[in-house]
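Coordinate analysis (summary)
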Amino acid sequence: FIIGVKYMKKTLFSFLIIIFVVCSYYFIELLVAKNNTPQLLQKYLSDEIIKQDISEFSKRQVEILLKVQDPGFYNHKGVDFKTPGNGLTTISQSIVKKMYFKSFKPGIGKIKQTLIARFVVHPMISKKDQLNIFVNTIWFEKNCVGFKSAAKLYYDKHISNLSDDEYISLVAMLSAPRGFNVRTNKKSNNERVRRIKLLIAGKYKPKGLMDQYYGKLSKDEQENIAPASYFETIYKE
């Protein structure tokens, strides 16, 4: 019995040490992120990055983008695990991945991404600046980054001249740029556009946090989406 108690104490002590080390690691990472944020903001809000201000998007275009990409954007504090259809990555978390990581790896990286979004990006970067960084750094395909480039590449238009369907086809690509590519996977893009239009019209309500695709995906489509972003079980009656 005495040996058992000693073993439990030793195990508990080791566990507490691990927790202390992990917490210390993330605390230091947050301090570094806070310290680097002014310089990072100067870079990511410069003319080199911001090719198109969010003010050039129509009110409807911004509403569509947020409805699909981050429906709780103006209400959450960088992280949102409650809003149906939001998934596991907010716009705040998305820009963290670009601004604060040289290379992103799931697991520990996701925890760091989430903490920085909540405790650094939310208090230090305005919602408008977050949107500006997002729409100018989002990846569509090789040599096509940001909505300005995408509107030019796919439709040879300025963002303000896109029709609703054309604009939604670009938004449709954000969750899986290859899988829903408007040129190389036109059929899948068209179907996602159809689903997004139902969402916008209020004719479809996401069935939970992870209902980002608004219905079942084909096997081919599932091969081109982000890991752990789709769970077919949520569509079972």
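Below is a summary of the structure that appears in this document. (Residues numbered from 1 in each chain as written. Predicted model: local features only at pLDDT ≥ 70, side-chain atom pairs only at ≥ 80, totals over all residues. Heavy atoms only, no water.)

1. Some details on the layout of surface pockets
Empty space within the largest pocket amounts to approximately 1100 Å³. Among the secondary structure elements, those contributing two or more residues to the lining of the largest pocket are helix 2 (59–69), helix 3 (91–99) and helix 4 (108–124). It is helix 3 that contributes the most residues to the lining of the largest pocket, 4 residues altogether. Grouping the constituent residues of the lining of the largest pocket by class yields 17 nonpolar, 12 polar and 5 charged. (1 Å grid on protein atoms, 1.4 Å probe; cavity = no way out; pocket = protein on both sides within 12 Å on 5 of 7 lines; lining within 4 Å. Points joined across faces, edges and corners; volume = space filled by probe spheres on them. Helix = DSSP H or I, 4+ residues; strand = E, 2+ residues; numbered from the N terminus. Nonpolar A, V, L, I, M, F, W, Y, C, P; charged D, E, K, R; others polar.)

2. A few points about the side chain of E166
Structurally, the position occupied by E166 is in helix 7 (residues 164–171). On the accessibility criterion, E166 (16% relative accessible area) is buried. One polar contact links E166 to K157, side chain to side chain, over a distance of 2.9 Å. Excluding anything up to four places from it in sequence, E166 contacts Y155, K157 and N161. (Buried < 20%, exposed > 50% of the residue type's maximum accessible area, 1.4 Å probe, protein only. Polar contact = N/O pair within 3.5 Å; in protein donor to acceptor, adjacent residues only side chain to side chain. Contact = heavy atoms within 4.5 Å.)

3. Side note on the nonpolar core
Grouped together as the largest cluster of nonpolar side chains are 60 residues, with contacts concentrated most on Y100, F140, F147 and Y167. Secondary-structure elements contributing two or more residues to this core are helix 1 (2–44), helix 2, helix 3, helix 4, helix 5 (127–137), helix 6 (147–155), helix 7 and helix 8 (186–200). Among all residues touching F147, those that are not within four sequence positions of it are Q52, F57, L65, V135, I138, F140, I159, Y167, L170, V171 and L174. (Core = buried A, V, L, I, M, F, W, Y, C linked by side-chain atoms within 4.5 Å.)

4. Notes on the pattern of salt bridges
Pairing between side chains of opposite charge can happen when the charged atoms of each approach one another. Inspection of every chain in the model, using the stated rule, returns 8 salt bridges. The shortest N-O distance in the salt bridge between K152 and D156 comes to 2.7 Å. Residue classification places K152 among the exposed residues on the basis of a relative accessible area of 52%. Assessed through its relative accessible area of 53%, D156 is described here as exposed. Close ionic contact of E191 with R194 constitutes a salt bridge, the shortest N to O distance being 2.7 Å. Within this pair, E191 and its partner R194 are both found in helix 8, separated by 3 residues, close to a single helical turn. (Salt bridge = Lys/Arg side-chain N within 4 Å of Asp/Glu carboxyl O.)

5. Description of the packing of helix 7 against helix 8
For the pair helix 7 and helix 8, the least separation of the axes is 9 Å and the interaxial angle reads 105 degrees. Between helix 7 and helix 8, the interaxial angle falls into the category roughly perpendicular. Between helix 7 and helix 8, the residues in contact are D165, I168 and S169 and N189, V193, I196, K197 and I200, respectively. Partitioning the contact of helix 7 with helix 8 into residue classes produces 4 nonpolar, 2 polar and 2 charged. (Axes fitted to C-alpha atoms, helices over the stretch in contact; angles between N-to-C directions. Parallel < 35°, antiparallel > 145°, perpendicular 65-115°, else oblique.)

6. Re empty space enclosed by the protein
Inspection of every chain in the model, using the stated rule, returns 1 cavity of 30 Å³ or more. Roughly 40 Å³ of internal volume is contained in the largest cavity. When residues of the lining of the largest cavity are assigned to their parent elements, the largest contribution, 4 residues, is made by helix 8. The residue makeup of the lining of the largest cavity, split by class, is 3 nonpolar, 1 polar and 4 charged.

7. Here's the deal with helix 3
Of all 9 residues in helix 3, 7 are buried; the element is thus mostly enclosed. Within the span of helix 3, buried status applies to I91, S92, Q93, S94, I95, V96 and M99.

8. Comments concerning the packing of helix 2 against helix 7
Contact geometry of helix 2 with helix 7 gives a least axis separation of 10 Å together with a crossing angle of 35 degrees. In this structure, helix 2 crosses over helix 7, and the sense of that crossing is right-handed. In this structure, helix 2 contributes R60, Q61, V62, I64, L65 and V68 to the contact, and helix 7 contributes D164, Y167, I168 and V171. For the contact of helix 2 with helix 7, a count of residues per class yields 7 nonpolar, 1 polar and 2 charged. (Left-handed = near helix turned anticlockwise from the far one by under 90°.)

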